[in-house]
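Chain residues, written in single-letter form:
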Amino acid sequence: MSTEPTLRLFFAVPCPPDQATAIAAWRDRQRLDGRAVAPENLHLTLAFLGAQPAERLQALRQMADGIECEAFELTLDHLITLGQGFVCLAPTAAPPALLQLAAQLAERLSALGIVLDNRPYLPHLTLMRQSPTQAQAAATFSWRVERFVLYQSQNTVDGVRYQELGSWPLAVGEN
Ligand code: ATP
Ligand code: MG
């Protein structure tokens, strides 16, 4: 019998508040059908860990401390539909540093015995769920990604909420 508490965890690139406001306002003007993601929940998942024992947090934090990745400019400029009606903003060209960050996390998580989804990593920021919308022209949103975050996903009466459990800076170069 195990009563060990588990946490539903994922690493992600958060959407900065000013960008989240702008993206949600643009999304709302499109009047897409479906369920809109709350502005404070907008993010790009880097690695989804699923249910993990709470006692694993320390090892996860140590793992994240060892990540070495450069800060990068992220540009989301097209709309894609994924899975069951997820309308998402995505980069036409994924920044190499974003792919390196996701790959480093996957490799280090695997070393901890945490195996991720085996589909290729596809960076995306989900705007709507359960939407019949087909891909259409998108606006362009850019920001400089200077940190990544470990989130706990919690279901509440007001819907899902992501609690920040840790934040790690990306290396800022000379330029
Ligand atoms: P809810 O599932 O309650 O509607 P949610 O999907 O936002 O809300 P989670 O299911 O906890 O919350 O997912 C958190 C993040 O991880 C989301 O970006 C989600 O797309 C991603 N995610 C969830 N499950 C997987 C999975 N099996 N593989 C890859 N990413 C996943
Ligand atoms: Mg989900």
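All values reported here derive from a predicted model rather than from experimental measurement.

What counts as what
Residues numbered from 1 in each chain as written. Chains lettered and ligands numbered in written order. Predicted model: local features only at pLDDT ≥ 70, side-chain atom pairs only at ≥ 80, totals over all residues. Heavy atoms only, no water. Near = heavy atom within 4 Å. Polar contact = N/O pair within 3.5 Å; in protein donor to acceptor, adjacent residues only side chain to side chain. Areas by Shrake-Rupley, 256 points an atom, 1.4 Å probe, with all protein chains shown as cover. 1 Å grid on protein atoms, 1.4 Å probe; cavity = no way out; pocket = protein on both sides within 12 Å on 5 of 7 lines; lining within 4 Å. Sits in = over half its atoms within 2 Å of the grid points. Helix = DSSP H or I, 4+ residues; strand = E, 2+ residues; numbered from the N terminus. Nonpolar A, V, L, I, M, F, W, Y, C, P; charged D, E, K, R; others polar. Expected span 1.5 Å × (residues − 1). Buried < 20%, exposed > 50% of the residue type's maximum accessible area, 1.4 Å probe, protein only. Arc of directions from axis to C-beta.

Peer 1: Would you take a moment to explain the site of ligand 1 for this structure?
Peer 2: All residues in the neighbourhood of ligand 1 are listed as Arg8, Phe10, His43, Thr45, Phe48, Asp117, Arg119, Arg129, Ser153, Asn155, Val160 and Tyr162. Within the side chain of threonine 45, one N or O atom sits 2.7 Å away from an oxygen atom of ligand 1. In the model, an oxygen atom of ligand 1 is placed 3.3 Å from a nitrogen or oxygen of the asparagine 155 side chain. In isolation ligand 1 exposes 600 Å². Once the protein is present, 70% of that is buried. More than half of the atoms belonging to ligand 1 lie within 2 Å of the grid points that define the largest pocket. For the shell around ligand 1, the secondary-structure elements that each account for two or more residues are strand E1 (6-14), strand E3 (43-53), strand E9 (147-156) and strand E10 (159-169). Partitioned by chemical class, the residues of the shell around ligand 1 number four nonpolar, four polar and four charged.

Peer 1: Looking at this model, I keep getting lost on helix H1 (residues 17-29). Mind explaining?
Peer 2: Count 3.6 residues to each turn of an α-helix, and residues three or four apart come out pointing the same way. Its 13 residues give H1 an end-to-end C-alpha distance of 18 Å, which sits within 8% of 18 Å, the value for a rise of 1.5 Å per residue. Residues of H1 that are buried: Gln19, Ala20, Ile23, Ala24, Trp26 and Arg27. Viewed end-on, H1 has its buried residues packed into an arc of 160°, placing them on one side of the element. Those residues of H1 that are exposed and angled more than 90 degrees off the buried face are Pro17, Asp18, Thr21 and Arg29.

Peer 1: For this particular structure, what's the right way to read unusual backbone geometry?
Peer 2: As a rule of thumb, non-glycine residues mostly have phi less than zero, and peptide bonds are mostly trans rather than cis. Even without glycine at this site, arginine 31 takes up a positive phi of about 50°. A positive phi is found at glutamine 130, a non-glycine position, where the angle reads about 50°. Position of glutamine 130 among the secondary structure elements: in the loop between strand E7 (125-129) and strand E8 (141-145). By relative accessible area, which is 54% here, glutamine 130 ends up exposed.

Keep in mind these numbers describe shape, not what the thing actually does.
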